[in-house]
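Residue-level listing of the chains:
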Amino acid sequence: MVPTAGRKVPPVDLGDGTALLTDRYELTMLQAALRSGTADRRAVFEVFARSLPAGRRYGVIAGTGRLLDAIERFRFDSAELDYLTSNGIVDEPTAQWLEKYRFTGNVWGYAEGDCYFPESPILVVEGTFAEAVLLETLALSILNHDCAIASAASRMVQAAQDRPIIEMGSRRAHERAAVASARAAYIAGFATTSNLEAGRLYGVPTAGTSAHSFTLLHDSERHAFEAQLAAMGESTTLLVDTYDVERAVRTAVELAGPSLGAVRIDSGDLGLMARRVRDQLDSLGAHGTRIVVTGDLDEFGIAALAAAPVNGYGVGTSLVTGSGAPTASLVYKLVARSDAPEDDAPMRPVAKRSTGKPSRGGRKTAVRRIDGHGTAFAETVTTGEPTPGPRDRVLQVPLVRDGEIIGRESLLDARERHAQAIAELPPTATQLSKGEPAVPTEFVNGGPRR
């Protein structure tokens, strides 16, 4: 019902909990499993992608740190339980079980910033069926978004060839997704973000100067530049395409001197404009003034500017939408379960055989095979104990042990790991043309786990 005029509507309390960031069918399965006596069976779920988005050669792991925080806050308080019971979503025995819910199982996963390929077991969740199934929607919503953003961002960073990129997509995304996007982009190599909440929460460096509205506010472009220089100093970046670019550049250097930090171009033929502006800046003695370009850029637009005298890029819409692939298409599938709740009960592999959506049974471990030149040539996934060679990397690391978060790390660690992971991929990985995954996935049926 739409509130009538004059009726006060209280703000929605978003709270800090994460338990209801889930689909109803998770609780339907829980209630049914409690009824059937199967809720306490040991179970292993895995997160993986059956394929990469069309044209992509690799994917990037991001969102792990956010997921660990969300698991820690996955609790059902009285208000949430009242909502569930009063709306007939769960019965009273299920509500009593949820009131005491704490994830007590184990989680392993690819470390944040690493790369992944089709069928890579990027997250393994082990616990009772009841406690593990409840994490499905939460894990997928975080990882599907953040991996998609980081994967797109990584392609842009590679296309930029060491030129810095500013993340500036906040106005093109949900307000919370904008924060997560800035975090994921930084892991993948973006230099800064315009989003201040990402700076506050995660320490992502922030940057930003002015929009065209600031120029239009003033009586002239000269007055606008004078005001910005007075407030920010000569190292600031002046936006020069509100009116006439050539005149704006001349005015900018006249006011700031040859030590003007940068100019930004946001429209037109960016390559052509950058060359003209560079020539003009040099003729005015502003040899050190940088040129930043923005305006609906993606990895292809950035690559097209490789030969242009551009010093940096700003990317918004394409970044926060995954540059055409807004989800990583990850799934969360049960791959093994026991017939009894005891920890030492034998686990049996299970798999679905649906047409077009099959899964592989058995808990898996992944190893990235590295040749003598330090280049990855295969991703070996096995249902047994891994047997890595002297140069190989075991990809899964412990994230949660007996319900305790143990896998937290700094964003800088994830950022550095991504740079290292990209460096070990074959050269074809960074090509923007369509092609197969840069590293093939091979499956090995192993013996029983110890």
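How each quantity is defined
- Residues numbered from 1 in each chain as written.
- Predicted model: local features only at pLDDT ≥ 70, side-chain atom pairs only at ≥ 80, totals over all residues.
- Heavy atoms only, no water.
- Helix = DSSP H or I, 4+ residues; strand = E, 2+ residues; numbered from the N terminus.
- Buried < 20%, exposed > 50% of the residue type's maximum accessible area, 1.4 Å probe, protein only.
- Contact = heavy atoms within 4.5 Å.
- Areas by Shrake-Rupley, 256 points an atom, 1.4 Å probe, with all protein chains shown as cover.
- Lys, Arg positive; Asp, Glu negative; His and termini not counted.
- Charge placed at Lys NZ, Arg CZ, Asp CG, Glu CD.
- Pairing = 2+ DSSP bridges.
- Right-handed = clockwise from strand over helix to strand, strands pointing away.
- Axes fitted to C-alpha atoms, helices over the stretch in contact; angles between N-to-C directions.
- Parallel < 35°, antiparallel > 145°, perpendicular 65-115°, else oblique.
- Left-handed = near helix turned anticlockwise from the far one by under 90°.
- Nonpolar A, V, L, I, M, F, W, Y, C, P; charged D, E, K, R; others polar.

### Here's the deal with the overall build of the protein chain
Then comes step 1: On a plain count of helices and strands, the protein chain comes out with 15 helices and 19 strands.
Then comes step 2: Considering only C-alpha atoms, the protein chain reaches an extent of 80 × 70 × 35 Å along its principal axes.
Then comes step 3: Here the protein chain holds 450 residues, and the buried ones make up 49% of them.
Then comes step 4: Look at the contacts in the protein chain between residues 6 or more apart in sequence, and 73% of them connect residues 24 or more apart.
Then comes step 5: Just so you have it, the protein chain exposes about 21,300 Å², and 51% of that area is on carbon and sulfur atoms.
Then comes step 6: Within the protein chain, the 56 negative side-chain charges are centred at a point lying 4 Å from the centre of the 49 positive side-chain charges.

### Structural notes on the pairing of strand S10 (residues 290–293)
Then comes step 1: Pairing of strand S9 (residues 262–265) with S10 involves four bridges; the strand directions are parallel. In the strand pairing of S10, Val263 is matched with Ile291.
Then comes step 2: Note that the unit made of S9, helix H12 (residues 270–283) and S10 has a crossover that is right-handed.
Then comes step 3: For S10 and strand S11 (residues 312–315), the ladder comprises two bridges, and the chain directions are parallel. Among the inter-strand pairings, Val292 is bridged to a residue of S11, identified as Gly312.
Then comes step 4: What joins S10 to S11 is helix H13 (residues 299–304), and the crossover it makes is right-handed.

### Quick notes on the sheet that holds strand S19 (residues 441–444)
Then comes step 1: As summarised here, the arrangement of the four strands in space is S16-S14-S15-S19, forming an open sheet in which the pairing is mixed. Of all strands in the sheet, those with a lone pairing partner are strand S16 (393–394) and S19, marking the two edges.
Then comes step 2: Pairing analysis gives two bridges linking strand S14 (residues 365–370) to S16, with the strands arranged antiparallel. Pairing of Arg368 across the sheet is with Arg393, part of S16.

### Some details on the pairing of S9
Then comes step 1: Taking every second residue as pointing to the same face, both faces of S9 are buried, with Ala262 and Arg264 on one and Val263 and Ile265 on the other.
Then comes step 2: By the bridge criterion, three bridges tie strand S8 (residues 237–239) to S9 in an arrangement that is parallel. Its bridge partner lying in S9, Leu239 is registered against Arg264.

### Quick notes on the packing of helix H2 (residues 64–72) against helix H6 (residues 136–160)
Then comes step 1: The interhelical angle for the contact between H2 and H6, taken along N-to-C directions, is 160°, at an axis separation of 9 Å. Classified by the angle between their axes, H2 and H6 sit roughly antiparallel to one another. Classified by chirality, the crossing of H6 by H2 is right-handed. Each of Thr64, Arg66, Leu67, Ala70 and Ile71 in H2 lies in contact with H6, whose residues at this interface are Leu138, Ala139, Ile142, Leu143 and Asp146.
Then comes step 2: Looking at the contact of H2 with H6, its residues break down into seven nonpolar, one polar and two charged.

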